[in-house]
Amino acid sequence: MDISKLKFDSAGLIPAVVQDFFTKDVLTVAYMNRESLEITLNEKKTCFFSRSRQKLWRKGETSGNFQHVVSITADCDYDALVVQVIKDGPACHLGTDSCFTNTLFNDETVQRFALETLYELLCERNRLRPEKSYTTYLFEKGKEKILKKVGEECTEVIIGAMKDSREETIYEISDLCYHVLVLMVSMGITVEDIKNELKSRHVIDHKVKQETMK
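What this report covers is the structure whose coordinates are included nearby. Computed from a prediction, not measured in an experiment: that's the story for all the values here.

## Description of the pattern of salt bridges
Pairs can form between side chains of opposite charge once their charged atoms are near each other.
Okay, so step 1: Applying the stated criterion to the full structure yields 7 salt bridges.
Okay, so step 2: For Glu 43, the salt bridge identified is with Arg 58, shortest N-O distance 3.0 Å. Residue Glu 43 is found in helix H1 (residues 34–43), and its partner Arg 58 is found in strand S4 (residues 55–58); the two are separated by 15 residues along the sequence.
Okay, so step 3: Judged by relative accessible area, which is 39%, Glu 43 ranks as partly exposed.
Okay, so step 4: Between Lys 195 and Glu 116 there is a salt bridge, with the nearest N and O atoms lying 2.4 Å from each other. Taken as a pair, Lys 195 in helix H6 (residues 191–213) and Glu 116 in helix H2 (residues 115–128) lie far apart in primary sequence, 79 residues in all.

Below, the structure is given as structure tokens:
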């Protein structure tokens, strides 16, 4: 990044919106001066300038909750930054993942879906075992039943795809994903475990491609 293009304010500061690399949640909004930005770039961990204390502070230096920088992007006017990070722990000094926890408005007709959200719901179902729940039924029947359903849904996906039915295939893949997540919960496998495995394969593939191109 060419920081010479950045427009610091009259106090020599620029706002930095810190965002979780994986969830895209906004973690905090802080300020950087040129020195703290250079430290951030060199150490690949966030360093800010405290306006109240009038000094530099490295996030995590006392709490251990470091933020490892993945990317830094300037806006169109070069007077604000978005810093994507992988965090070691809570971003807020109150111990919450994000500083933004006080909801002022929420349109309940609009819902954001993520596999992590469904996974957490299934974990809750496994813990509480509510009555008349299909998920509860699967957990109580055990792994053999869950594996049987995974196998059945795999077959349904194949049938839908062989019929060249996009709609049916989407429906059956969704069923398969649900049952695979149930299996993961029953075995203590997290979504993050799967992401890490896929990420390691991507790195290997990338290295292989590089070696092939030499």
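## A closer look at the sheet that holds strand S1 (residues 14–20)
Okay, so step 1: The strand order across the open sheet built from 4 strands is S2-S1-S6-S5, with neighbouring strands paired in mixed fashion. For this open sheet the edge positions go to strand S2 (26–32) and strand S5 (67–74), each flanked by a neighbour on one side alone. On average, adjacent strands in this sheet sit at an angle of 25° to one another, irrespective of strand direction.
Okay, so step 2: Sheet analysis places S1 next to strand S6 (residues 81–87), joined by 5 bridges and oriented parallel. Opposite Asp 20, over in S6, you have Val 85 as the bridge partner.

Cut-offs and rules
- Residues numbered from 1 in each chain as written.
- Predicted model: local features only at pLDDT ≥ 70, side-chain atom pairs only at ≥ 80, totals over all residues.
- Heavy atoms only, no water.
- Salt bridge = Lys/Arg side-chain N within 4 Å of Asp/Glu carboxyl O.
- Helix = DSSP H or I, 4+ residues; strand = E, 2+ residues; numbered from the N terminus.
- Buried < 20%, exposed > 50% of the residue type's maximum accessible area, 1.4 Å probe, protein only.
- Pairing = 2+ DSSP bridges.
- Axes fitted to C-alpha atoms, helices over the stretch in contact; angles between N-to-C directions.

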